[in-house]
Structure formats: structure tokens, C-alpha cells
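The lines below spell out each chain.
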Amino acid sequence: MVLNYNGVLYAYYVGGELKRPGRTYLYASILSIGILVVVWTGIWLLMRNNIGLDFMQSQAQLGANSPDAYGKITTLQASAGGLGYGLVLSGDPFSKILIGIAVPCAELAVDLAFVAVVTRVMFALAFDRLLPIGLAKISERNAVPTNAIVVAVIGGIVFAILAAFVNLANIVANLSLFVALIILAGAVAATALPFRRPDLILKPGQTELARVAGVPVPALWGAATTVLALIVVAIIVTHPSVFGSFSVSSVGALVLVLGAGPVIYLIARQMRLSRSSIDLRLAMRELPPE
Amino acid sequence: MFGGRPRKRALRIYFATDIHGSDRCFRKFLAAAESYEADALVLGGDIAGKGLVPIRSHNGSLSARVRGESVTVPRADEERLRTEINRMGFYSLIADAREVERLESDPQYVTAAFELAIIDQIQGWCRLADERLAEGVRCIITPGNDDPKAIDPVLKAAPRIESPEGELCELGPVLLASCGDVTPTPWNTEREYPEEELARRLEKILDQAPAGSKVVANFHCPPYGSGLDFAAELDDQLRPVIRGGRPSIVPVGSKAVREVIKKYQPVVGLHGHIHESRGAQKIGAAMCLNPGSDYTADVLRGAIVDFAEHGSYIDFLFTTG
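Residues numbered from 1 in each chain as written. Chains lettered and ligands numbered in written order. Predicted model: local features only at pLDDT ≥ 70, side-chain atom pairs only at ≥ 80, totals over all residues.

### Re the sheet that holds strand S7 (residues 138-141) of chain B
Paired through backbone hydrogen bonds, the strands of a sheet run either parallel or antiparallel to each other.
All names here are of chain B.
Right, on to step 1. Strand order across the open sheet formed by five strands is S7-S2-S1-S18-S19, with mixed pairing between neighbours. On the outer flanks of this sheet lie S7 and strand S19 (313-320), each paired with one strand and no other. Strand-to-strand twist of the sheet, defined as the mean angle between neighbouring strand axes without regard to direction, takes the value 20 degrees.
Right, on to step 2. Examined bridge by bridge, strand S18 (residues 301-307) and S19 share seven bridges and lie antiparallel to one another. Its bridge partner being in S19, glycine 302 is matched across the sheet by threonine 319.
Right, on to step 3. On the sheet, helix H1 (residues 23-35) packs against strand S1 (11-16), strand S2 (40-43) and S18 and is oriented at approximately 155 degrees with respect to S2. (Pairing = 2+ DSSP bridges. Helix = DSSP H or I, 4+ residues; strand = E, 2+ residues; numbered from the N terminus. Axes fitted to C-alpha atoms, helices over the stretch in contact; angles between N-to-C directions. Contact = placed C-beta atoms within 7 Å.)

### Points about the environment of valine 232 of chain A
Right, on to step 1. Structurally, valine 232 of chain A can be placed in helix H11 (residues 217-238).
Right, on to step 2. In sequence terms valine 232 of chain A and leucine 177 of chain A are 55 residues apart; their C-alpha atoms lie 8.7 Å from each other.

### Observations concerning the domain arrangement of chain B
Residue and element names in this part refer to chain B.
Right, on to step 1. Each assigned domain of chain B is listed here: domain 1 (11-51 + 110-320) and domain 2 (52-107).
Right, on to step 2. In this structure, domain 1 and domain 2 have C-alpha centres spaced 30 Å apart.
Right, on to step 3. When residues in the side of domain 1 that touches domain 2 are grouped by element, the largest group, five residues, is from helix H4 (residues 107-132).
Right, on to step 4. Of the residues that constitute the side of domain 1 that touches domain 2, the class distribution is five nonpolar, seven polar and three charged. (Domains from an automatic or database assignment. Nonpolar A, V, L, I, M, F, W, Y, C, P; charged D, E, K, R; others polar.)

### A short note on the pairing of strand S3 (residues 51-58) of chain B
All names here are of chain B.
Right, on to step 1. The pairing of S3 with strand S6 (residues 90-95) spans six bridges and is classified as parallel. Of the residues in S6, the one forming a bridge with valine 53 is serine 92.
Right, on to step 2. Sheet analysis places S3 next to strand S4 (residues 61-66), joined by four bridges and oriented antiparallel. Looking at the pairing, histidine 58 lines up with serine 61 of S4.
Right, on to step 3. Between S3 and S4, which pair antiparallel in sequence order, lie two residues; one of them, asparagine 59, sits at a positive phi of approximately 45 degrees.

Rendered as C-alpha cells:
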């Protein structure tokens, strides 16, 4: 659902690997949501009966509050902890089988979704020449970006090996804050857009945006979203026990990810200048019409 | 990683396409020569607008119907209204009630007025190119399927513009092969041909290239299934086919263009036609580009392509200006 909301599934269309994306997407969504509801509700009820709600909540709480302590008592990731404990602790074989099937199925579905997203993002960046053009190569035989998939799979294997030695819960503890900050940035951009480029949101034939008290209506929606996003950020920051505690590594990871864009751009520009005759900064240079 | 030596360029082309009558995009196109330090500007077809919008003048106000929406503005806003209509790829014509009625009922009169508006605009653009382009910058404009054949002599007659449609044209170290023909579209435009005929027309141009020469294929139609040709599928009434709540996307390029590129292996293929399918794809050794088009947002999408001394391709970069 999150992937759908973000429009990531449009990435599938580029390579044309889904012959009838509309129909396939619809069926796949309904089927997966149906299975998800049945399996997860059933397992949750079984676990609640066998393990108890208190235990499930306390392990989740420990995972969010003290990733170090959590890492010392189990190698299971905090996010998979509930089901993992369910598998370990449930008494009857029926529950074990159900949980044993559900965990790898869910992990596989998430992994496939993220491999698809990562490969298509690589593909798109290569299309725009921010990554080597070879990553945008589409296989003529099966219409998938083969090179991007190979790179993503190798990256995934490296990450999986790394995860076996490092407690990743520490690093990704501020994931909620990261998402909230992205939404905040989008909301600020939406507030500024009607002032900077009103032409991009004007309807055909319109010459001016509708205004309330002199302020363009889209800017008001943007401002309202900004306020709500700020409230969400404040709640996340002031409730680390619920949304993830702050540590040097988690905040460092957040800063690294948020600041990676400009750094990658500068590196890409220098790399390109060293072997090509075209400066990357020309890509977004605004042309004067007069 | 940073220690390489960049290859020295002998030619930089700036390529844009599908500006559909947008005055602002054409002015940006001319400005691109200086901004991107291009030696040659190439505009690859579909330069004419998409239709004519009559503006009814009455009682000191102007009314027009644009894409189904009625707009009325005071006469003082005429320039702004015409600019907005032009932004959407249409021409405007101020008319009284009688002329508006004729425009709505006489298709031949509309066609003649539309063609006149196109020619008038292109003549204006040619004069603008004459005024604005620096000496030494070459400006090549070739037509596309949406351009009536009546514009060809206008382009050829312009002193500052070259229009080598259906020909090979020497461009520094490369030869530019240009063809604005496409495979049949739902709109039945003037330059549409079946795949076999299109293949013959393209081969006729490329067969003239001396052996060993480096050719740049300026073919308006993109190669089929290349990722440069994905567009919304349309039904018989030209409405987008919706599947699962989303428009169905299908390849609409030309198999003839693909086969010709595979066979002749130009160093670069410059394509357009499908506005939403901006992208780059290699077919064999040929780097094929479609910079896409976003003229309704006053944005000129294009591609800078660099060539070395002997005509070999160095690199390209998509631009948004």
C-alpha cells in the first residue's frame, strides 16, 4: 500500500515487463491484501492466545527503546521479533507451521518489492545519466533492466552479510522521523510552488490561481500540510519510546541519508568531468526566453 | 575514478523537439546555443501548434473556449490570454460573431486559417533566429508528422535556418540524416506511412552516406519497444484505455526505425514524437535519445550531444531549461 501510494509501481511500466500492468496490478493487490488480512489476523490471534499481548508489546517496546539490549538477548530483528518469538514460544505445531510459513512469505514479499523499487530507481537515474547508462539497459528477451537487477542483488547480498554482524536496529531507529521529514519537505515545497511557479498548477484557460485573503489556495493547503507535518515531527521527537530512540548511529544515519543527495551529485559531477566533455550542472540550467 | 582525461569535443549539438507552437520554448531553443555552448541547434519536428482557438470579441471583453473551458477576460488582458492559449500549443484568432460562426461550421476555412497561423508564426521564428543567433551557430529545423507540408518551403527559404528534410546534411565531423515521417497515428497527420514504406524512405536517405562516415539519425519517430516510445493506449474514440484505474501504457514507435538503426548503426539517434517517453537507450552501438517534451509548462526539454574530431560519439546529457 505504501509503495502504491508513493507511485513506485509506475516504475514497472517503464520496462514494459508487465504486459497488462493495470489488470495484473489490480489482481495482485487484491490477492495480496486478502492473504495478508487472513494470515496476519489469524497469526495475531494465535500468538495472543499462546504468548500473550503483554509479551508481544514488551518485546516491541524493548526493540524501539533499547536496540543494544534487544540485540543482546536475540539475533532476531526487532521488526520480526513478534513473529520470531511466536515461532519459538508457541506450543502447538499448527501455530508453528502457520508462523513458519508466514514469516518467510512476508519477508520474501517485502524483499521482492524493495528489489523492484531499488532496481527501477537505478534504472531511472541511469536514464537521466546520473548513473552509468549501462544500468538503463533493458533486456530484449524479457524486458527487464538486467544490469540494474544484478547490481541490486549484489548490493542486497552485501547488506545481508553486514546485517549478520551489525545490529541494524540502532541505525534505522529513526525511520519514522525520516519519513516525517520527507513529508515536511514536500509540504514546504507545496507551499512555495504557487508563488514560484504558479503556471505549473494553473488549469487550462485560467490566468490566475484562486486566492483567499490574497494567498493562493494551493499555498494554503501546503501550509496546512506543513503545520500537520511539523506536529508529527514534534510528536516523533518527543516520544522516542514509541517511535525509536536517538543515538549517535541513528541520527548519523539520518543525516547521512538526508545529505546524500548533494554529495552524490558533486561526486557524479566530478566523475563525469574527468572522462566526459559535458558538465552535469548544465542539466538544470534555466534558459532565458528573452 | 577522477583521474581520467576527458575527450576533446569537436562538435556539440543541442537537440530539442515537439515544441508545438510554443513561442517561449522557441526563444529558449535559440538561447540554448549560448547557454549550453552548442555549435549546432537541431529542432527535430512537431514545431507547429495543435489547433486554432477563436477569441470572440464583444462589448469590450474577449471570450474563448480552451480545451472545453470557457474563459472571458477584459480586452486589456488580450496579450495574456493569447499567451496562455499559445502555451497549450494553440494559435488564437480574434474574430467577430460572424467569423466565429464560420470557423465553427466551415472545416476548410478553419484549415486554411490554421495553416496561415502556422506559417505566420514560423516566418516570425525565422526572423527571430536571424536576429538572435550568434554567427557560426548552425540552426537546423526539420518537420515532424504534426507539421503541415506547407512549412517546408518556409523553412528552406529562411536564410539563417537549414531544413535538410529527407536528406543528408554535413554537420562538422558527422552527417545528419533527417526524416520527420512516422508510422500511422490515430490523428491521421500528413507525414504518416506504413512500416514498409517508412523503411524504404529511411534507407533511401542512409544509403547516400559514404562508407565509414559517422551518421546521426534525426528521425522524428522513435524505435519500437526501445523505452523511448511508451504512450497511453487509446481506444477508437481516442480516449485513454484505463485498466485497473490507470492508463494502459504501450510501445508506439516504429519497427522500421528500429530495424534501420540496427542495420546502419548511426552513432546517435535523435528522436521525439512521444512527449512523455523521455529516455536514452542503446540499439547495438547507436545511442538513441528522446528528450521528451513539456512545452505546456514553458519548459524546454532537450539533449546536449558531444562528438569527437572523427565524428565518434562522446557523451550526452538531458537538459531541462
